[in-house]
Structures are given as C-alpha cells and as structure tokens.
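# Geometric and topological summary
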Amino acid sequence: ISITNNGTMDSPLSSAITANGGSLITNNATGVIGTYANAVHGIFSTSAVSIDNSGSISAGANSDAKAIATVDGTIINRAGGTINGESAGVYNTGTLDLTNSGTINGNLYHGVYSAGDATIVNNNTITGGINAIFSLGSFNLKNTGSLSSLGDVAISNSAGSSVTNSGNIISSLNSAVVVGRASTV
C-alpha cells in the first residue's frame with residue numbers, strides 16, 4: 001500500500017492511518033496527519049512500514065498516544081518535518097532505521113523508543129520527557145544535532161551499541177548516554 005498525503009488525515013478516536021501489511025507513507029510539507037486531542041496514534045502499523053515525512057505527524061493528548069507506532073520501521077523525518085506524541089514521537093517494537101533532520105518529541109516518555117536494534121542518525125532535534133532515545137536492543141547512534149530530556153538521554157540496554165556525537169546530548173537530571181557492555185562511545 002502506498003499513501004501520499006498533501007492535506008489532512010485524522011480520526012477523533014483511533015489512528016489517522018492504520019497500515020496492515022508493508023506500506024510506504026509519504027507525508028509532504030503541506031501534509032498533516034493526526035490533530036484530534038483524543039486520537040491514539042498518528043500512524044499505526046502492525047508490520048514493516050516506510051515513512052517519509054516533511055509535514056506534521058502527531059497524536060492526541062492521552063498518556064499512551066504515539067505519533068508513529070510501528071513493528072519494523074524505516075523512517076525519514078526531513079528538515080521542517082515534525083513528529084510529536086504525548087507518550088512517544090516514534091514507538092517501534094521491532095528493528096528501526098531512523099534519519100531525523102526535523103523535530104521529534106515525546107512529551108511524557110520517549111522521543112524515540114525501539115524494542116529492537118536501532119540505527120539512528122540525528123541531524124536536528126530529538127527530545128523526550130524521560131528519554132530522547134531508548135532502545136532495548138543495541139543501537140548505532142550518530143548525532144550532529146541535539147538530543148535532550150529530563151532523564152537519561154540516550155539509552156541502550158544491550159551490548160554492542162555505538163554512539164558518535166559531534167552535536168549536543170544534554171540531560172537535565174541524569175546521564176547523557178547509558179549503554180551496555182562492549183559498547184563504544
């Protein structure tokens with residue numbers, strides 16, 4: 001399934017887009033996905049999804065709302081693109097490949113959450129209420145932008161993670177980077 005959005009896609013009580021089966025979703029600069037206060041997710045996918053965002057993807061104000069909730073995701077957030085969720089900006093339960101040149105925010109918890117291994121290139125801004133980035137798997141993080149949160153900013157609980165930073169990784173309260181054994185910072 002291929003979806004290209006130049007307008008507004010929304011749902012007052014569910015997800016603006018629910019994609020079952022591999023999908024390619026393009027949200028252009030004028031595109032808005034998710035605006036209702038009670039919406040659960042901007043984009044929800046039960047399988048692999050590719051998202052190319054230059055516009056706005058958001059979720060509602062309830063504490064479980066995620067702008068993007070995927071199983072396996074390849075996500076490009078281009079300059080000017082915004083991804084904003086109450087719980088998480090990007091919530092991924094599989095493998096994640098993310099390139100961010102825009103803004104990603106998770107108001108309460110995580111800017112980016114990945115249950116699996118993650119490759120993340122951040123060229124602009126990722127923020128989270130508790131963590132900017134949280135990965136249960138190993139991650140390869142390249143940051144030239146800004147990562148910030150109140151808690152630990154970039155966390156991987158697995159060995160073999162890698163962090164390359166020439167930007168800013170700032171925690172208001174805790175550690176900037178926390179990684180498992182045999183990791184490189």
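Read on for a plain summary of the structure. Think of each chain on its own: its residues are numbered from 1, step by step along the sequence as written. In keeping with the predicted nature of the model, local features appear solely for residues at pLDDT of at least 70, side-chain atom pairs appear and are counted solely at 80 or more, and the whole-chain, interface and lining totals rest on all residues. As a rule here, side-chain values come from all non-hydrogen atoms in the structure, and water together with hydrogens is ignored.

### Quick notes on the overall build of the protein chain
A helix here means a DSSP run of H or I that spans at least four residues, while a strand means a run of E at least two residues long, and both kinds are numbered starting from the N terminus. Within the protein chain one finds zero helices and 24 strands. By the compact-globule yardstick of 16 Å for 185 residues, the protein chain fits well, its C-alpha radius of gyration being 15 Å. If one aligns the C-alpha atoms of the protein chain with their principal axes, the spans along those axes are about 45 × 30 × 25 Å. Residue burial is assigned from relative accessible area. The probe radius is 1.4 Å, only protein chains are included, and a residue is buried under 20% of its type maximum, exposed over 50%, and partly exposed in between. When burial is assessed residue by residue, the protein chain has 49% of its 185 residues classed as buried. Of the roughly 7,300 Å² of accessible surface on the protein chain, a fraction of 51% belongs to carbon and sulfur atoms. All tallies of charge rest on Lys and Arg as positive and Asp and Glu as negative; His and the ends of each chain are not included. Here the site of a charge means NZ on Lys, CZ on Arg, CG on Asp, or CD on Glu. One finds the centroid of the 4 positive side-chain charges in the protein chain at a distance of 9 Å from the centroid of its 8 negative side-chain charges. With C-alpha atoms as the basis for the radius of gyration, the globule rule is written as 2.2 Å multiplied by the number of residues raised to the power 0.38. Per-residue and other accessible areas follow the Shrake-Rupley method at a 1.4 Å probe size, with only the shown protein chains counted as cover for residues.

### Some thoughts on the packing of aromatic side chains
Note on aromatic pairs: the rings of Phe, Tyr and Trp (six-membered ring only in Trp) are paired at centre separations within 6.5 Å, and the planes decide the class, stacked below 30 degrees, edge-to-face beyond 60, tilted for the rest. Tallied over the full model, the rule gives two aromatic pairs. Taking the centre distance of 4.5 Å and the plane angle of 10 degrees together, the rings of Y91 and Y113 count as stacked. With Y91 in strand β12 (residues 88-92) and Y113 in strand β15 (residues 110-114), the pair connects residues that are 22 residues apart, well separated along the chain. Relative to F134, the ring of Y113 has its centre 5.9 Å away and its plane inclined at 5 degrees; by these criteria the two rings are stacked.

### A word on the pattern of salt bridges
When their charged atoms lie close together, side chains carrying opposite charge are able to pair. Salt bridges, as used here, are contacts in which a Lys or Arg side-chain nitrogen is within 4 Å of a carboxyl oxygen on Asp or Glu. This model, assessed by the stated rule, comprises two salt bridges. Among the salt bridges present, the one from K66 reaches D64, with a minimum N-O distance of 2.6 Å.

### Quick word on the side chain of S114
Mapped onto the elements of the fold, S114 is located in strand β15. Under the relative-accessibility criterion, S114 is labelled buried at 1%. Those residues in contact with S114 that lie beyond four places of it in its chain are N92, G94, L96, F134, S135, L136 and G137. Only heavy atoms enter the contact rule, under which two residues are in contact if any of them lie within 4.5 Å.

### With respect to the sheet that holds strand β3 (residues 15-19)
Read across the open sheet, the eight strands follow the order β3-β6-β9-β12-β15-β18-β21-β24; overall the sheet is parallel. What marks the edges here is a single partner per strand, and that holds for β3 and β24 (177-178). Summarising the sheet, strand β21 (residues 154-156) and β24 pair through two bridges and their orientation is parallel. In the sheet register, A154 faces β24, and the bridge partner there is V177. DSSP bridges decide pairing: two strands pair if at least two such bridges lie between them.

### Some remarks on the environment of I25
Checked against the element boundaries, I25 lands in strand β4 (residues 23-27). By relative accessible area, which is 0% here, I25 ends up buried. In this structure the C-alpha to C-alpha distance between I25 and I75, which are 50 residues apart in sequence, comes to 9.5 Å. Dropping the residues within four chain positions of it, I25 is found in contact with I3, I17, I33, I43, V49, S50, I51 and D52.

### Examining a nonpolar patch on the surface
A residue counts toward a patch only above 30% relative accessible area and without a salt bridge, and it is joined to like-charged neighbours within 9 Å or, for Val, Leu, Ile, Met, Phe, Trp and Tyr, to nonpolar neighbours within 5 Å. A contiguous nonpolar surface patch, about 230 Å² in accessible area, is contributed by L108, Y109 and I130. Within the element layout of this structure, I130 appears in the loop between β17 (125-128) and β18 (131-135). The partly exposed category is assigned to I130, whose relative accessible area is 38%.

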